Amino acid sequence: MSLINEPGIEAEAISQNRPLQDQPFDFLPKELRKSVFIDGAWILPLIQGGKGVGATNGTTAGAWALENAGGTIAATGASTTIGKNSRDISYTYSSLTRPERHEEMIKWSIKGCTLQVQIAHQAAQGRGRVRINFLKMAGGSMHIMRGVLANTSLKDGANMIHAVTMGAGLPSEEDAQICADEGVYLDPIISSSMALKVLLKRTYRKWQGEFDKRIGAVIYEDPWLAGGHNGITSRENPDEPQNPYDRVRELRTIMNQNGMENVAIVMAGGVWHLRDWQNWLDNPEIGPIAFQIGTRDLLTRECPIIDEWKHLLLSMNEGDVALNKFSPTGFYSSAYKNSMIRKLYERSERQVPYTLQANKEQSEQINGAGIPAKGFFVNPADKAKTKNWIEQGFTVAQRTPDKTLVFVSKQDDRELKRIKTDCVGCLSTCKLTTWSETPEKKFSTGRIPDPRVHCIREGLLGAIEGEDLDNQLIFAGHNAYKAGDDPFYRDEHGNVFIPTVKQLIERLLTGN
Ligand SMILES: Cc1cc2nc3c(=O)[nH]c(=O)nc-3n(C[C@H](O)[C@H](O)[C@H](O)COP(=O)(O)O)c2cc1C
């Protein structure tokens, strides 16, 4: 399916001037209209969700902060340039080995993050909060964070960055110390109260009794609703969403038991209309609360994603975004089911368990491309399946770390090899290329490559650079489908209207 040819995707121009017709601002209780205390300041209870690669940057974060809300720069792959909407974020690599390219990536990232923070700091004009989001799983994340915070420090122990937020893995004690040394909060992104308990005992243990000095807000990212990576644990069922209210109430109990009554919780995931969250406001079971806006923030003029992506969001249906296990980090993630994702589902279906020696069940030998000369053994029904797949052109068997074989085409086999060759070590460990940033482990996870996952760097970069969105990684929250029916995104003539960040925030504060 080509999005470009889809009716309604490219044809519509974006209307520039939609008069805002909402009643301003009488939805929130009085106290909340003023503010909530987050990352050291009283700001509106609205936080921009950080979105890598490049979908939130200095310009967008600065625009949120200027409205006295929280803006969040994505550290992952931050652009080293201004202009062309800051969409040009491809780093160039000249080294031949992965460890050297990994070092180049770290240098580029520090440069890009520093620039984006400077842009946000200037744009914010001292209002709101400027935050930066790191992925714990990102390659060299601690190194990059240290470099950026050093570059952005101000006089008197202050920093242009007010808080670091960290997701896709739990921050370490060293991460917390680096932030403490720079006078910056370290706000954890968690998906259960259990994760906070672990963090308080481990990462923040030095700050026992004064956690609020290090934690400017706790972000609860709902694993069944939020876009991007999701923290579903082995104790939870990806197909059985739990009620976020119950989980956040439990989180508040744990926070209160640890002297964090005044630390705000930021509810992230599925927040579209604030009117749907009314019972969370002014509610002692929930305590101080703010809302993180991830997917909805993609639909702003400042957001550098291409118009085609914005139109795609406006055309999504319920169920188009789903949790999958295709991230090379090993985490679940939520993405739009385009051709790229569908191909990975199909690839995983062309999968059979195998053994090296024949046994009672796995009695049938299979041979062919990707299989050693003495063959592998599968059960008779699976042998019939593999024959069928080979006939359809999926002629190469690739081993997975789970003792299964997946069948891919020759072209995909070549593509998987190319990805491994081009790897820059963007993650701390990668299931696809088996890269590990640990020299003691010889830069390898020691496992075999997993052909069932995608290259996250190429998928996210391709998306922000606007190349053939149908074959790039489009992270999105599960409520993205609400965009299409939201009258806010149409002008009086029915043309698509994309608001500025200021207009979005005004709209959010009406409850709509
Ligand atoms: C395109 C996209 C990219 C994202 N990238 C990141 C990221 O780099 N780091 C992170 O912590 N969260 C990331 N997220 C999650 C958001 O910060 C936010 O918590 C989430 O989108 C909230 O859910 P919502 O999309 O339903 O509003 C991403 C989300 C989207 C939609």
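So, how was this worked out
- Residues numbered from 1 in each chain as written.
- Predicted model: local features only at pLDDT ≥ 70, side-chain atom pairs only at ≥ 80, totals over all residues.
- Pairing = 2+ DSSP bridges.
- Helix = DSSP H or I, 4+ residues; strand = E, 2+ residues; numbered from the N terminus.
- Axes fitted to C-alpha atoms, helices over the stretch in contact; angles between N-to-C directions.
- Parallel < 35°, antiparallel > 145°, perpendicular 65-115°, else oblique.
- Left-handed = near helix turned anticlockwise from the far one by under 90°.
- Contact = placed C-beta atoms within 7 Å.
- Nonpolar A, V, L, I, M, F, W, Y, C, P; charged D, E, K, R; others polar.
- Near = placed C-beta within 6 Å.
- Expected span 1.5 Å × (residues − 1).
- Buried ≥ 20, exposed ≤ 12 C-beta atoms within 10 Å, placed from the backbone.
- Core = buried A, V, L, I, M, F, W, Y, C linked by C-beta atoms within 7 Å.
- Domains from an automatic or database assignment.

1. Description of the sheet that holds strand 10 (residues 228-230)
Strands in a sheet are paired, the pairing made by backbone hydrogen bonds, and the direction either parallel or antiparallel.
Then, number 1: Across the sheet, 3 strands lie side by side as 10-14-13; this open sheet has antiparallel pairing. Bordering the open sheet on either side are strand 10 and strand 13 (321-324), each of which pairs with just one other strand. Looking at each pair of strands side by side, their axes are set apart by 30° on average, direction ignored.
Then, number 2: With 3 bridges joining them, strand 10 and strand 14 (residues 332-336) adopt antiparallel strand pairing. Bridging from a neighbouring strand, asparagine 230 pairs with tyrosine 332 of strand 14.

2. Thoughts on the packing of helix 6 (residues 193-201) against helix 8 (residues 244-257)
Then, number 1: Where helix 6 contacts helix 8, the axes come no closer than 9 Å and their chain directions differ by 20°. By the criterion of interaxial angle, the relationship of helix 6 to helix 8 is roughly parallel. Along this stretch, helix 6 crosses helix 8, giving a crossing that reads as right-handed. Contact with helix 6, carried on its side by Ser193, Leu196 and Lys197, involves Glu250, Leu251 and Ile254 of helix 8 and no other residues of that element.
Then, number 2: Partitioned by chemical class, the residues of the contact of helix 6 with helix 8 number 3 nonpolar, 1 polar and 2 charged.

3. Some words on the site of the ligand
Then, number 1: Near the ligand lie 29 residues; those nearest to it are Gly49, Gly227, Gly228, Gly294 and Gly477.
Then, number 2: Those elements that provide at least two residues to the shell around the ligand are strand 6 (129-135) and strand 12 (289-293).
Then, number 3: Residues belonging to the shell around the ligand are distributed by class as follows: 11 nonpolar, 15 polar and 3 charged.

4. Thoughts on helix 3 (residues 98-124)
Then, number 1: Helix length check: helix 3, at 27 residues, gives a terminal C-alpha distance of 38 Å against a target of 39 Å (1.5 Å per residue), a fit within 8%.
Then, number 2: The buried fraction of helix 3 is high, at 19 of 27 residues.
Then, number 3: One or two positions beyond helix 3, positive phi appears at glutamine 125, with a value near 50°.

5. Focus: unusual backbone geometry
Most peptide bonds adopt trans geometry, and most residues besides glycine take a negative phi value.
Then, number 1: Following glycine 52, the chain continues into valine 53 via a peptide bond in cis, with omega recorded as -5°.
Then, number 2: The residue valine 53 is located in the loop between strand 4 (46-48) and helix 2 (58-66) in this model.
Then, number 3: Residue phenylalanine 443 is not a glycine yet carries a positive backbone phi of 55°.
Then, number 4: Inspection of the secondary structure puts phenylalanine 443 in the loop between helix 12 (410-422) and helix 13 (456-464).
Then, number 5: Although it is not a glycine, aspartate 468 sits at a positive phi angle of roughly 30°.
Then, number 6: One can find aspartate 468 in the loop between helix 13 and helix 14 (482-485).

6. Some thoughts on the nonpolar core
Then, number 1: Val164, Val218, Tyr220, Val266, Met267 and Ala290 are the most contacted members of the largest nonpolar core, which has 129 residues in total.
Then, number 2: For this core, the leading source of residues is helix 3, giving 11 residues.
Then, number 3: Inspection of this core shows a minimum of three residues originating in each of domain 1 (3-326 + 477-508) and domain 2 (332-471).
Then, number 4: Not counting residues within four places of it along the chain, the set of residues in contact with valine 218 comprises Asp187, Pro188, Ile190, Leu196, Leu251, Met255, Val263 and Ile265.

7. What to know about the domain arrangement of the chain
Then, number 1: By the assigned domains, the chain splits into domain 1 (3-326 + 477-508) and domain 2 (332-471).
Then, number 2: Counting residues at the interface gives 42 residues for domain 1, matched by 27 residues for domain 2.
Then, number 3: Those elements that provide at least two residues to the side of domain 1 that touches domain 2 are helix 3, strand 10, helix 9 (307-314) and strand 13.
Then, number 4: The element best represented in the side of domain 1 that touches domain 2 is helix 3, accounting for 5 residues.
Then, number 5: Residues that form the side of domain 1 that touches domain 2 fall into these classes: 22 nonpolar, 14 polar and 6 charged.

8. Examining the sheet that holds strand 19 (residues 404-408)
Then, number 1: Strand order in this open sheet of 3 strands is 15-19-18, and the pairing throughout is antiparallel. With partners counted over all chains shown, the strands left at the sheet margins are strand 15 (351-353) and strand 18 (396-399), one partner each. If you compare each strand with its neighbour and ignore which way they point, the axes differ by 30° on average.

9. Notes on helix 8
Then, number 1: With 14 residues, helix 8 ought to run about 20 Å at 1.5 Å a step, and its terminal C-alpha atoms sit 20 Å apart, in line with that.
Then, number 2: Of the surrounding elements, those touching the buried residues of helix 8 are helix 6, strand 9 (218-221) and strand 11 (265-268).
Then, number 3: Just downstream of helix 8, glycine 259 is the residue with a positive phi angle, here 70°.

10. Some details on the environment of glycine 139
Then, number 1: Structurally, glycine 139 can be placed in the loop between strand 6 and helix 4 (141-151).
Then, number 2: Glycine 139 sits in the buried class, given 26 other C-beta atoms within 10 Å.
Then, number 3: Expressed as a C-alpha distance, the spacing of glycine 139 and isoleucine 254, which sit 115 residues apart in the sequence, is 31 Å.
Then, number 4: Leave out the neighbours within four places in its chain, and glycine 139 touches His102, Met105, Gly425, Cys426, Leu427, Ser428 and Glu437.

11. Quick notes on the pairing of strand 5 (residues 70-74)
Then, number 1: Taken across its 5 residues, strand 5 has 5 buried, putting it largely inside the fold.
Then, number 2: Neither face of strand 5 is left uncovered, since the one carrying Gly70, Thr72 and Ala74 and the one carrying Gly71 and Ile73 both have all their residues buried.
Then, number 3: Relative to strand 6, strand 5 is paired through 5 bridges, and the arrangement is parallel. By the bridge assignment, glycine 70 is partnered in strand 6 with arginine 129.

12. Looking at the pairing of strand 18
Then, number 1: Of the pairings in the sheet, the one linking strand 18 to strand 19 comprises 4 bridges and is antiparallel in character. Across the sheet, residue valine 396 finds its bridge partner in strand 19, namely valine 408.
Then, number 2: Hairpin remark: strand 18 followed by strand 19, antiparallel, with 4 residues in the connecting loop; positive phi at lysine 403, about 55°.

13. Describing the environment of alanine 123
Then, number 1: Tracing the backbone through its elements, the reader meets alanine 123 in helix 3.
Then, number 2: For the pair alanine 123 and tryptophan 64, spaced 59 residues apart in sequence, the C-alpha separation works out to 9.4 Å.

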